[in-house]
Each structure stands twice: as C-alpha cells, then as structure tokens.
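Survey of secondary and tertiary structure
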Amino acid sequence: GPRPAAAPRPRPALAAGLQGLIALYGGYFGGGIGFLILAVLSSAGVPIRSAGATKNALAAVINAGAVLIFVLSPAVQWGPAALVCVGSVLGGVAGSWALRRAPERWLRAGVVVLGLLLTAGLMAR
C-alpha cells in the first residue's frame, strides 16, 4: 500500500532558534529542558542515541552559563547545591549507561511517557 507521508522537519534555522529559546528557559528554570531539547532534535531528524548525547552537551552548556551567574550570587546555599551536583553527576552516568543499552523503541516511549508525567506533575502544582 502507499507509504504514509513523513512528518515535516523544521528547518535548521528554526531548530536552532527553538534551541536558543530552550537555552533561555533552561538557564532560568531548567525543569524539563532535556525533554524539550530531545523533542526539537528528534523532530529535526537526529537519531535518538545521537540526540541523547547532543542533549547532554547542550544542557551542560546551558547549565554552565547559569552556574556562572549563580556562583556570583550571595543567595546560593552551598550545602544543598553540593548534594544536587552529586545527584546530577550520578544521574548523568546512569543515564548514559542506560542510553547505550536500551532498545531505541523503549527510549522513545520512555521519553514521551516521562515527559507527559513531568508536565502533568508541574501543571498540578
């Protein structure tokens, strides 16, 4: 039978602009930027495993910029901040381990389900 038409992919300039908006949002709030980045990269045709690695690099740059600003703020509570740093490193290591081993279909489904659950949780607050 006829093949379904492929979904249109955003132009590189649009994808870059969307990533820029995600960076602004991520530097201020940070919640869910990984899912937003993955959504834009996936819609631009980047395979999920490559998108996962690219997401990590982009999130690192976004967060590094935010950290530079926050380090200079007198409002930072360094004890809790250190705990969050340790959790972030452990989560990043565990995520990269899982990314290499999980089937692509599971990864895509997991990203969608977790994204929906996080969105619902944030909206409920």
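Residues numbered from 1 in each chain as written. Predicted model: local features only at pLDDT ≥ 70, side-chain atom pairs only at ≥ 80, totals over all residues. Heavy atoms only, no water.

**A word on the side chain of K55**
Within the fold, K55 resides in helix α3 (residues 48-71). Although K55 is buried, it makes no salt bridge; E104 carries the closest opposite charge, 14 Å away. At a separation of 2.9 Å, a polar atom in the side chain of K55 contacts the side chain of N56. Apart from the residues lying within four places of it in its own chain, the contact partners of K55 are G34, I37, L38 and L41. (Helix = DSSP H or I, 4+ residues; strand = E, 2+ residues; numbered from the N terminus. Buried < 20%, exposed > 50% of the residue type's maximum accessible area, 1.4 Å probe, protein only. Lys, Arg positive; Asp, Glu negative; His and termini not counted. Salt bridge = Lys/Arg side-chain N within 4 Å of Asp/Glu carboxyl O. Polar contact = N/O pair within 3.5 Å; in protein donor to acceptor, adjacent residues only side chain to side chain. Contact = heavy atoms within 4.5 Å.)

**Structural notes on the nonpolar core**
Among the nonpolar cores identified, the biggest contains 13 residues, and I22, I33 and I37 are the most heavily contacted of them. At the level of secondary structure, the elements contributing two or more residues to this core comprise α1 (12-28), α2 (33-43) and α3. Residue contacts for I33: discarding those within four places in its chain leaves I22, Y25, G26, A59, I62 and N63. (Core = buried A, V, L, I, M, F, W, Y, C linked by side-chain atoms within 4.5 Å.)

**Quick look at the layout of surface pockets**
In this structure, the largest pocket spans a volume of roughly 820 Å³. Those elements that provide at least two residues to the lining of the largest pocket are α1, α2, α3 and α4 (78-101). Split into classes, the residues belonging to the lining of the largest pocket amount to 17 nonpolar, 8 polar and 1 charged. For the lining of the second largest pocket, the secondary-structure elements that each account for two or more residues are α2, α3, α4 and α5 (104-124). Partitioning the lining of the second largest pocket into residue classes produces 10 nonpolar, 9 polar and 1 charged. (1 Å grid on protein atoms, 1.4 Å probe; cavity = no way out; pocket = protein on both sides within 12 Å on 5 of 7 lines; lining within 4 Å. Points joined across faces, edges and corners; volume = space filled by probe spheres on them. Nonpolar A, V, L, I, M, F, W, Y, C, P; charged D, E, K, R; others polar.)

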